[in-house]
Amino acid sequence: MRDPVHCWLVTNGKTHVLVDSGMPDIEEVRRTLKVDGYGGGHGSLRSALAEHSLTPADIQYVISTHLHFDHGTNLDLFPNACVVLQRDEIFHAIDPVPTQRIYYNREMIGELIKRKRPSQLRLIDGDLQFMKGLLLLKLPSHTPGMQVPIVTTQAGRAALVSDLGDHYRYWFPADPRATDKPMRFIADTFLPSPIRSAGEREYLAAMQRVVDHSDIVVPAHDFRIPMHMPQEWFAIPESTATDLAHQPPPERK
Ligand SMILES: [Zn+2]
């Protein structure tokens, strides 16, 4: 795989929220999608949480931006956490636009709707101030039930945009720091990514809403993002070096 798959730990020190739950173990990805890489599955999540002295049981909420397999797998690792989703995303997962059929996993959706207790699954409709410093924006674009968490930090507001513009080049299409192929004719706007359920104008309006509500955007599949916020904080990377790197960085121990 040439792109990273990111999940986020959002915490105020008391409440621990996971934004997206990642992809299956790479063995399964290799088998089903014939792409190579490393990581994924329960092991990656456990070790990433352990870096913050946390275990999966410490996660109270899992906010799923959408249910594509690389963002919504591994929910079984968090049986007592509350999964928070837009209601429209469930419907789309069951009957997606045809080009997105390969991105949804039926077994995963089945496991999700087996969550019986209201404390295990919360379906929402629209924007929600989820808690202090954590706003959810519903933004039909990449999928009809796409939601983007806006996290207020000491440095400013970070939009965890997930796959709504999953690389910097979609947000800064004319900037040579963001893309090797600057598109000057759209310097005043954004570039919608090709994987989308919405039309181009609706997609652009969703991106504009994110910008109106945030100070930086953090795309899900770009290698160049700030990994620890707010300690690392930038709106745009310094250069295109490592963008679309065909060699992933060395595996972390
Ligand atoms: Zn996606």
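Overview of the structure. Values in this document were obtained by computation on a predicted structure and should not be read as measured data. (Residues numbered from 1 in each chain as written. Predicted model: local features only at pLDDT ≥ 70, side-chain atom pairs only at ≥ 80, totals over all residues. Heavy atoms only, no water.)

## Side note on the packing of helix α4 (residues 87-94) against helix α5 (residues 106-113)
- Contact geometry for α4 and α5: axes closest at 10 Å, N-to-C directions at 140°. Taken together, α4 and α5 sit at an angle that is classed as oblique. When the axes of α4 and α5 are compared, the crossing they make is left-handed. Counting all contacts with α4, which are made through Ile90, Ala93 and Ile94, the residues of α5 involved are Arg106, Ile109, Leu112 and Ile113. (Axes fitted to C-alpha atoms, helices over the stretch in contact; angles between N-to-C directions. Helix = DSSP H or I, 4+ residues; strand = E, 2+ residues; numbered from the N terminus. Parallel < 35°, antiparallel > 145°, perpendicular 65-115°, else oblique. Left-handed = near helix turned anticlockwise from the far one by under 90°. Contact = heavy atoms within 4.5 Å.)

## Things to note about the sheet that holds strand β4 (residues 82-86)
- Strand order in the open sheet formed by five strands is β1-β2-β3-β4-β5, and the pairing between neighbours is mixed. The open sheet terminates on both sides in strands that have one partner only, identified here as β1 (8-11) and β5 (121-124). Averaged over all adjacent pairs, the angle separating strand axes in this sheet is 25°, with direction ignored.
- Relative to strand β3 (residues 61-63), strand β2 (residues 16-19) runs parallel, the two being bridged by three bridges. From the neighbouring strand, leucine 18 faces β3, where its bridge partner is valine 62.
- α4 contacts β4 and β5 of the sheet and is inclined by roughly 80° relative to β4. (Pairing = 2+ DSSP bridges.)

## Quick word on the coordination of the zinc ion
- Bound to the zinc ion on the protein side are His66 (NE2), His68 (ND1), His142 (NE2) and Asp163 (OD), at distances that span 2.1 to 2.2 Å.
- Sequence spacing of the donors to the zinc ion: H-x1-H-x73-H-x20-D. Taken as a pair, histidine 68 in the loop between β3 and α3 (69-72) and aspartate 163 in the loop between β9 (157-162) and α6 (168-171) lie far apart in primary sequence, 95 residues in all. (Donors = N, O, S within 2.8 Å, 3.2 Å for Na, K, Ca; no water.)

## Observations regarding the environment of alanine 241
- Turning to its location among the elements, alanine 241 is positioned in the segment after β10 (216-219).
- The class for alanine 241 is partly exposed, based on a relative accessible area of 47%.
- Sequence separation between alanine 241 and serine 197 is 44 residues; the distance between their C-alpha atoms is 30 Å. (Buried < 20%, exposed > 50% of the residue type's maximum accessible area, 1.4 Å probe, protein only.)

## Regarding the sheet that holds strand β7 (residues 134-138)
- The five strands are arranged β6-β7-β8-β9-β10 in an open sheet whose pairing can be described as mixed. Looking at strand neighbours, the two that pair on one side only are β6 (128-131) and β10, the edges of this open sheet. Each adjacent strand pair in this sheet contributes to an overall mean axis angle of 25°, direction not counted.
- Here β6 pairs with β7 via three bridges, running antiparallel. Bridging from a neighbouring strand, leucine 128 pairs with leucine 136 of β7.
- Here helix α7 (residues 200-212) sits on the sheet in contact with β7, β8 (147-152), β9 and β10, set at roughly 155° to β9.

## Some words on helix α2 (residues 41-50)
- By the burial criterion, the buried members of α2 are Gly41, Leu45 and Leu49. All buried residues of α2 fall inside an arc of 100° around its axis, so they share one side.
- Contacts from the buried residues of α2 go to β1 and β2. (Arc of directions from axis to C-beta.)

## A few points about the pattern of salt bridges
- Throughout the structure, instances matching the rule amount to ten salt bridges.
- The shortest N-O distance in the salt bridge between aspartate 125 and arginine 87 comes to 2.9 Å. One end of the pair, aspartate 125, is in the loop between β5 and β6; the other, arginine 87, is in helix α4, with 38 residues separating them in the sequence.
- For aspartate 125, a relative accessible area of 52% puts it in the exposed group.
- For arginine 87, a relative accessible area of 34% corresponds to the partly exposed category.
- Taken together, the shared-partner salt bridges connect Glu27, Arg30 and Asp36 into one network. (Salt bridge = Lys/Arg side-chain N within 4 Å of Asp/Glu carboxyl O.)

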